[in-house]
Amino acid sequence: MAQFEQLEQVVDGPAAEGARTGTGTAIGRMRSFRPSAGRGEDGIAVFHRVSLAVLGTQAAAVSGVLAEHLTARYLAAVDPAAAGHRMPDCWRPLFQYRRHPGVRPVQFALAGLNAQAGHDLALAVVDTCRALRCAPADLAEEFDRVGGLLLMLEERIGEDLMPGPERLEVTDPLTHLVGSWNLERACEASWSAARVLWRLRDVPLLAAEFGQRLDAGAGLVGRCLLTPCR
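A. Spotlight on the pattern of salt bridges. This model, assessed by the stated rule, comprises nine salt bridges. Two residues, Asp127 and Arg73, come together in a salt bridge whose shortest N-O distance is 2.7 Å. Of this pair, Asp127 sits in helix H8 (residues 105-132) while Arg73 sits in helix H5 (residues 65-78); the two residues are 54 residues apart in sequence, bridging distant segments of the chain. The residue Arg92 makes a salt bridge to Asp89 at a minimum N-O spacing of 3.7 Å.

Printed below as a string of structure tokens:
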């Protein structure tokens, strides 16, 4: 019974319900959310701030159902008390290290992007397919638009948060850490994962296990991205 409940949380949890019932646009809900304040640089706030900077200029791109579901999953993860569910593994490292003095802002932002592209995006595709009663193939064009939005977010992270060459030596561990993760590959893997999850929708135990492994894998990558570099 617990495994069936896990499946519901993995592919059809409170985030999916929030997007289905139209509780607000992606931009509006992002703007209304405020990460908790505290001393020092908050890693969640770093990712949230740079995300809003991009979303605020791309209203057309974030108006689709897939973008709504992706945003809903992010908001459910960063506000677990409101969702009432266990925090996904892919977001857990960001919370554990959110105020670590040795982790730089660009690492927080990339860890959040990894959680979205490496886990949430695949489940958001399944959420959208269920809501629209379609197959993943029908969402290919919208998936590409959302992928383009995430690419813009990655570029903004590099422009705003990556230290300049005068502050970042070639031998700086951050150079190698940032270069070890690739957004395009993460999105390709999410598309494949979404199609597998959709195929497994009638085999709930396998779907739940696959979703958990996807979550754990993204969490491991996120933990590596947050390796203290100073």
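B. Up close: empty space enclosed by the protein. Enumeration according to the criterion identifies one cavity of 30 Å³ or more in this entry. The volume enclosed by the largest cavity comes to roughly 170 Å³. Mapped onto the lining of the largest cavity, the elements with two or more residues apiece are helix H4 (43-55), H5 and helix H9 (140-161). Its residues assigned to classes, the lining of the largest cavity shows twelve nonpolar, three polar and no charged.

C. Expanded view of the packing of aromatic side chains. Tallied over the entire structure, the rule returns four aromatic pairs. Stacked on the ring of Trp198, the Lys or Arg Arg201 has its end atom at 4.2 Å from the ring centre.

Calculation criteria
- Residues numbered from 1 in each chain as written.
- Predicted model: local features only at pLDDT ≥ 70, side-chain atom pairs only at ≥ 80, totals over all residues.
- Heavy atoms only, no water.
- Salt bridge = Lys/Arg side-chain N within 4 Å of Asp/Glu carboxyl O.
- Helix = DSSP H or I, 4+ residues; strand = E, 2+ residues; numbered from the N terminus.
- 1 Å grid on protein atoms, 1.4 Å probe; cavity = no way out; pocket = protein on both sides within 12 Å on 5 of 7 lines; lining within 4 Å.
- Points joined across faces, edges and corners; volume = space filled by probe spheres on them.
- Nonpolar A, V, L, I, M, F, W, Y, C, P; charged D, E, K, R; others polar.
- Phe/Tyr/Trp six-rings, centres within 6.5 Å; stacked < 30°, edge-to-face > 60°.
- Lys NZ or Arg CZ within 6 Å of the ring centre and 35° of its normal.

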